[in-house]
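Next come the chains, spelled out residue by residue.
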Amino acid sequence: AMPGLAAPNVPLVNPVTMAKFVDALPVPPIAVPTGTRTHAAFGSRPLPFYRMPMRAFSARVHRDLPPTPQWGYAGSTPGPTIVTRRGEPVLVEWANELPTRHFLPIDHNIHGAETSKPDVRTITHVHGARVSAPNDGWPEDWYVPGKSLTALYPGDQDATTLWYHDHAMGITRLNIYAGLFGGFHVHDDDEQALGLPSGEFDIPLMLYDRLLAKSGKLYYPVSDDPEAPWVSECRGDAVLCNGKLYPYLDVEPRRYRLRLINAANTSFFNLSLSHGKPFQQIGSDQGLLAAPTDRLNIELYPAERAEVIVDFSAYAGQSVQLRHQADGIVEFRVRAKGRRDTSVVPAALRPVQRIDPSTAVQDRVLALGEQDDSGGNPMTMLLDGKMWSDPISEKPRKGTVETWTFVNVTGDAHPIHLHLVRFQVLERRPFDLFAWNARKELKFTGPSIRPAAHEAGWKDTVRCDPGMVTRIITRFDGEPGKYVWHCHYLEHEDNEMMRPYELV
Ligand code: C2O
Ligand code: CU
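In this text the structure is predicted, and so the values were computed from the model without any measurement. (Residues numbered from 1 in each chain as written. Chains lettered and ligands numbered in written order. Predicted model: local features only at pLDDT ≥ 70, side-chain atom pairs only at ≥ 80, totals over all residues. Heavy atoms only, no water.)

### Things to note about the sheet that holds strand β27 (residues 414-418)
So the rule is basically this: Paired strands, in this sense, are two strands between which DSSP finds at least two bridges. Elements are defined by DSSP. Helices are runs of H or I of four residues or more, strands are runs of E of two residues or more, and each kind is numbered from the N terminus. Throughout, an axis means a line fitted to C-alpha atoms (over the contacting stretch in the case of helices), and angles, computed between N-to-C directions, take values from 0 to 180 degrees.
Strand order in the open sheet made by the 4 strands is β29-β27-β31-β32, with antiparallel pairing throughout. The outermost strands of the open sheet, each flanked by one partner alone, are β29 (461-464) and β32 (498-503). For this sheet, the mean inter-axis angle between neighbouring strands, taken without regard to orientation, is 25°. Of the strand pairs in this sheet, strand β31 (residues 481-487) and β32 are connected by 6 bridges, and their pairing is antiparallel.

### As for unusual backbone geometry
The criterion, for reference: Any residue under 20% of the maximum accessible area for its type is buried, any over 50% is exposed, and the rest in between are partly exposed; the area is computed with a 1.4 Å probe on protein chains only.
The omega angle of the peptide bond from threonine 77 to proline 78 is -5°, so this bond is cis rather than trans. Its place among the elements puts proline 78 in the loop between β4 (68-73) and β5 (79-85). Within the chain, alanine 303 stands out as a residue other than glycine whose phi angle is a positive 80°. By relative accessible area, which is 0% here, alanine 303 ends up buried.

### Overview of the packing of aromatic side chains
Where we set the bar: Stacked, edge-to-face and tilted labels apply to pairs of Phe, Tyr and Trp rings (six-membered ring for Trp) whose centres lie within 6.5 Å, assigned for plane angles under 30 degrees, over 60, and everything in between, in that order. As a reminder, the over-ring test applies to NZ of lysine and CZ of arginine, requiring each to be within 6 Å of the ring centre and within 35 degrees of the ring normal.
Summed over all chains, the structure comprises 22 aromatic pairs. Consider the rings of phenylalanine 312 and phenylalanine 332, whose centres lie 5.2 Å apart with planes at 40°: the pair is tilted. Residue phenylalanine 312 is located in the loop between β21 (305-311) and β22 (319-324), and its partner phenylalanine 332 is located in strand β23 (residues 327-334); the two are separated by 20 residues in the primary sequence. We note that phenylalanine 312, like phenylalanine 332, is buried. Taken together, the ring pairs in this structure connect Trp404, Phe406, Phe476, Tyr483, Trp485 and Tyr501 into an aromatic cluster. The ring of tyrosine 177 carries the charged tip of arginine 210 above its face, separated from the ring centre by 4.4 Å.

### Overview of the side chain of aspartate 494
Applicable threshold: We call two N or O atoms a polar contact when they sit within 3.5 Å, provided that within protein one can donate a hydrogen and the other can accept it, with sequence-adjacent residues counted only if both atoms are side-chain atoms.
Within the fold, aspartate 494 resides in helix α4 (residues 490-494). Judged by relative accessible area, aspartate 494 falls into the buried class, the value being 3%. From its side chain, aspartate 494 meets the backbone nitrogen of isoleucine 171 in a polar contact 3.4 Å long. Side-chain polar atoms of aspartate 494 contact the side chain of arginine 173, separated by 2.7 Å.

### Concerning the domain arrangement of the chain
How big an interface is tends to be stated in terms of accessible area lost as the parts join. In plain terms, the rule: The split into domains, and so the bounds of each, comes from an automatic or database assignment of domains. Residue contacts follow a heavy-atom distance rule, with two residues in contact if any of their heavy atoms lie within 4.5 Å. The quantity reported as buried area is the accessible area (1.4 Å probe) lost by two parts once they are put together, taken as the sum for both. Every case where a carboxyl oxygen of Asp or Glu lies within 4 Å of a side-chain nitrogen of Lys or Arg is listed as a salt bridge.
Each assigned domain of the chain is listed with its residue range as follows: domain 1 (24-192), domain 2 (199-334) and domain 3 (357-503). Of note, the centres of domain 2 and domain 3, computed from C-alpha atoms alone, are 26 Å apart. Taken residue by residue, the interface counts 25 residues in domain 2 and 25 residues in domain 3. For the domain 2 face of the interface with domain 3, the top three residues by lost area are Trp230, Gln286 and Tyr301, together amounting to 31%. Taken together, the connections running from domain 2 to domain 3 amount to 3 salt bridges. The partner of glutamate 304 in a salt bridge is lysine 459, and the shortest N-O contact between them spans 2.6 Å.

### Digging into the pattern of salt bridges
Within this structure, the stated rule accounts for 34 salt bridges. For aspartate 64, the salt bridge is made with arginine 63, and the minimal N-O distance between the two is 2.8 Å. Overall, arginine 63 belongs to the partly exposed group, its relative accessible area being 46%. Across the pair arginine 350 and aspartate 158 runs a salt bridge whose closest N-O atoms are separated by 3.3 Å. Of the two residues, arginine 350 sits in the loop between β23 and β24 (360-372) while aspartate 158 sits in the loop between β8 (148-153) and β9 (160-166), which places them 192 residues apart along the sequence. For the residue pair arginine 350 and aspartate 158, the accessibility class agrees, reading buried in each case. Residues participating in the shared-partner salt-bridge network are Arg86, Asp158, Asp188, Asp190, Arg350 and Arg422.

### Some remarks on the layout of surface pockets
For the record, the criterion: Only protein atoms enter the calculation, which uses a 1 Å grid: trapped sets of points that fit a 1.4 Å probe without letting it out are cavities, open sets showing protein on both sides within 12 Å along at least five of seven lines are pockets, and any residue with an atom within 4 Å of a point is a lining residue. Grid points are joined across faces, edges and corners, and a volume is the space filled by probe spheres set on the points. When residue character is reported, Ala, Val, Leu, Ile, Met, Phe, Trp, Tyr, Cys and Pro are called nonpolar, Asp, Glu, Lys and Arg charged, and the others, Gly included, polar.
Volume-wise, the second largest pocket comes out at about 320 Å³. Around the second largest pocket, the lining comprises 18 residues; the ones closest to its centre are Arg130, Arg422, Trp458, Arg475 and Asp477. Within the lining of the second largest pocket, the residues separate by chemical class into 6 nonpolar, 5 polar and 7 charged.

### Focus: the state of the cysteines
The cut-off we apply is this: Criterion for a disulfide: a pair of cysteine sulfur atoms at a distance within 2.5 Å.
This model, assessed by the stated rule, comprises 0 disulfides. Distance from the sulfur of cysteine 234, which forms no disulfide, to the nearest cysteine sulfur (cysteine 487) is 14 Å. The closest cysteine sulfur to the non-disulfide-bonded cysteine 464 is located on cysteine 487, 8.5 Å from its own sulfur.

### So, the coordination of the copper ion (ligand 2)
The criterion, for reference: Only nitrogen, oxygen and sulfur atoms qualify as donors, and only when within 2.8 Å of the metal (3.2 Å in the case of Na, K and Ca); with water excluded, sites may look incomplete.
Taken together, His414 (ND1), Cys487 (SG) and His492 (ND1) make up the full set of protein donors to the copper ion (ligand 2), lying 2.1 Å away. All donor residues of the copper ion (ligand 2) come from one chain, and their arrangement in sequence is H-x72-C-x4-H. Both residues of the pair, cysteine 487 and histidine 492, count as buried.

### Looking at the sheet that holds β9
Ordered by their spatial adjacency, 4 strands build an open sheet running β5-β10-β9-β7, and the pairing between neighbours is mixed. Every other strand in the sheet has two partners, leaving β5 and β7 (124-127) as the edge strands with one partner each. Each neighbouring strand pair of the sheet contributes to a mean axis angle of 20°, computed without reference to strand direction. Relative to strand β10 (residues 181-187), β5 runs parallel, the two being bridged by 5 bridges. In the strand pairing of β10, arginine 85 is matched with histidine 187.

Structure follows, in structure tokens:
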């Protein structure tokens, strides 16, 4: 049992006892437009139109477990992958066709989940998409079953691995836990000219952990403290990939491009390959790195992505496992023979122009903090000491460069995500917590740590370590309007660790 959490009222599955690698890995289908429509922003140009109905469904996550009731886009978790190209706008109708009651326990004491609000409310955000504010999935623009919202994604960005997920105020953690997420991939000509593995050899692996009841149902933890009903983290021991626990995938002895996506509520994944060889990482949150970089271990925090090349050519007839910590979570079974592999991994992928910090017009120093109750338990997590409902304090001007300095005064790491923009990590640096708490003074206690190669590309979510200041730089390009920035630990996000910002 986790501290602060009630003992589960139902028997849970112990994943260690489950048979490994008995289910084939599902690769989410590529979404097919239902037709074309026009949008005022693009005149009479016909744009691909997708309809994504959110529905309740049941599916087995493991051969030996009863079907698990879930909620998913187009009735599956992950939902179908939307595949687009740079410069190719698409329209997506996100239709809420869910039942009117949530099947997970709702804690009505959490911000935004007051009893006056309906149990089921959704709004979809495409994580990392460069879109205008009305299309971004503003958390308070949620709607109820029977309603839908059509959003325009202009495709005004480089090739990358994005993902869509629910973002409704105060209840995102339950909606995503229920299964409301899927992939959204952007291609571009430059990326496709590189000759990387593509098509059936380009596979998304959406990773997320759950607590599973023996009945097959998802179990979401509840607090054992009526005074502090907030569950501040949700970690499960069953690590799922694309809807299955311990799946296997038959592969050819050749190179694959794997898109690793952390879709978990609070857990990070520490990924490696069982043969002890490195991944060749080619991309991060916002697309290709300047050059491939070898990595024995890849740590992914919630919402972070890594694109990797794995070459199975020397393992014909053998198997290789993707591991999280010491445990195999996906098994690749390499066939004895395959088709000829004509893919390449060029030494140069895409130039990443570093943003010059001297061009920044503003440095915003923002604390990642918590509000304690008398017993020392955090009641809420705050950004810069402010609540969601406090007036907007961050108003970057369109086209300007800013640095944002996150001062983590908590004992945990927090993956911080900004909507709309892509950014670069400048540095991490240890600081004196006492000087900060006493005088709000930023006193460094060690040297600046520059990002390693895998963090030197474009990002949209950054791990902010405890005891560290984490500084990012971005150019606020995009349509003026209100966007959000938040911690991507969904339990934190739902309990005040989310703030609006306004591009003016
Ligand atoms: Cu992945 Cu604000 O979201
Ligand atoms: Cu957090």
